[in-house]
Amino acid sequence: MHVQVLWTTYGTHYDPQYFPNPESFDPNRFEEAVRPYVYLPFGGGPRLCARFELAKMQILVFMHMMVTKYDWSLVYLHEPITIDPLPAPLYGMPINIYERNTKSN
Ligand code: HEM
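Residues numbered from 1 in each chain as written. Predicted model: local features only at pLDDT ≥ 70, side-chain atom pairs only at ≥ 80, totals over all residues. Heavy atoms only, no water.

(A) Focus on the overall build of the protein chain. Across its full length, the protein chain holds 2 helices and 4 strands. Put simply, the protein chain runs from its N terminus to its C terminus through helices and strands in the order α-α-β-β-β-β. Taking 2.2 N^0.38 as the reference for a compact globule, 105 residues should give roughly 13 Å; the C-alpha atoms of the protein chain span a radius of gyration of 18 Å, well beyond that estimate. Taken across its 105 residues, the protein chain has 8% of its residues classed as buried. (Helix = DSSP H or I, 4+ residues; strand = E, 2+ residues; numbered from the N terminus. Rg over C-alpha atoms; globule rule 2.2 N^0.38 Å. Buried < 20%, exposed > 50% of the residue type's maximum accessible area, 1.4 Å probe, protein only.)

Encoded structure:
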């Protein structure tokens, strides 16, 4: 018998056994260590993303600049998220963005 297995990150990322209320935005859930091979945005094992540390550092720097140097707001406050096949904001999440006047802050 020939068996094919399709594995996706959704299997564990949306499993309430590992992530209670998986649909809710709750960054604090990561304060507790996650079991190995449960949260895999960068893959895992020998094919683990070759530059996941660079990617995480870039995201960290980007987020830091966004909250310290700029004021910004969402154009669509309740923009739906589509899954096709990865989650993405339906309209590309446009924002209004302004550089902060750091001298007066
Ligand atoms: C948020 C950013 C990123 C995400 C979510 C991501 C995610 C992934 C995932 C899921 C894989 C596949 C792992 C597997 O096959 O099991 C992968 C592989 C890979 N990624 Fe990334 N990645 C990111 C950024 C980057 C960056 C910035 C680089 C390079 C500068 C990079 C280079 C690679 C390479 C070379 C592989 C293939 C590794 C291999 O097959 O041996 N990635 N990444």
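(B) Fine view of the environment of Ile81. Structurally, the position occupied by Ile81 is in strand 2 (residues 81-83). Not counting chain neighbours up to four residues away, the residues in contact with Ile81 comprise Pro87, Ala88 and Pro89. (Contact = heavy atoms within 4.5 Å.)

(C) Expanded view of the site of the ligand. Around the ligand, the neighbouring residues are Pro41, Phe42, Gly43, Arg47, Leu48, Cys49, Ala50, Arg51, Leu54, Ala55 and Ile59. Between an oxygen atom of the ligand and a side-chain N or O atom of Arg47, the distance comes to 2.6 Å. Looking at the shell around the ligand residue by residue, the class counts come to 8 nonpolar, 1 polar and 2 charged. (Near = heavy atom within 4 Å. Polar contact = N/O pair within 3.5 Å; in protein donor to acceptor, adjacent residues only side chain to side chain. Nonpolar A, V, L, I, M, F, W, Y, C, P; charged D, E, K, R; others polar.)

(D) Here's a closer look at a nonpolar patch on the surface. Residues Val67, Trp72, Leu74, Leu77, Met93 and Ile97 make up a contiguous nonpolar surface patch of about 540 Å² in total accessible area. Among the structural elements, Met93 can be located in the loop between strand 3 (87-89) and strand 4 (95-99). (Patch = residues over 30% accessible without salt bridge, like charges linked within 9 Å, V, L, I, M, F, W, Y side chains within 5 Å. Areas by Shrake-Rupley, 256 points an atom, 1.4 Å probe, with all protein chains shown as cover. Salt bridge = Lys/Arg side-chain N within 4 Å of Asp/Glu carboxyl O.)

(E) How the structure looks around the packing of aromatic side chains. Enumeration over the complete set of coordinates arrives at 6 aromatic pairs. Here the aromatic rings of Tyr10 and Tyr14 are separated by 5.4 Å at their centres, their planes lie at 35°, and the arrangement is tilted. Given the relative accessible area of 25%, Tyr10 is considered partly exposed. Overall, Tyr14 belongs to the partly exposed group, its relative accessible area being 33%. Judged by centre distance (4.8 Å) and plane angle (50°), the ring pair of Phe30 and Tyr39 falls under tilted. With a relative accessible area of 40%, Phe30 lands in the partly exposed category. Look at Tyr39 and you get partly exposed, because its relative accessible area is 39%. (Phe/Tyr/Trp six-rings, centres within 6.5 Å; stacked < 30°, edge-to-face > 60°.)

(F) Spatial organisation of the domain arrangement of the protein chain. Assigned domains within the protein chain: domain 1 (1-49) and domain 2 (51-105). One C-alpha centre belongs to domain 1, the other to domain 2; they are set 23 Å apart. Summed over both partners, the interface of domain 1 with domain 2 buries about 490 Å², with 72% contributed by carbon and sulfur atoms. Broken down residue by residue, the surface that domain 1 buries against domain 2 is led by Tyr10, Phe42 and Cys49, which jointly contribute 81%. The interface formed by domain 1 and domain 2 contains 0 salt bridges. If you look at where domain 1 meets domain 2, you find 2 residue pairs in polar contact (both at pLDDT 80 or more). When the residues that make up the side of domain 1 that touches domain 2 are grouped by side-chain class, the tally is 5 nonpolar, no polar and no charged. (Domains from an automatic or database assignment. Buried area = accessible area lost by both parts, 1.4 Å probe.)

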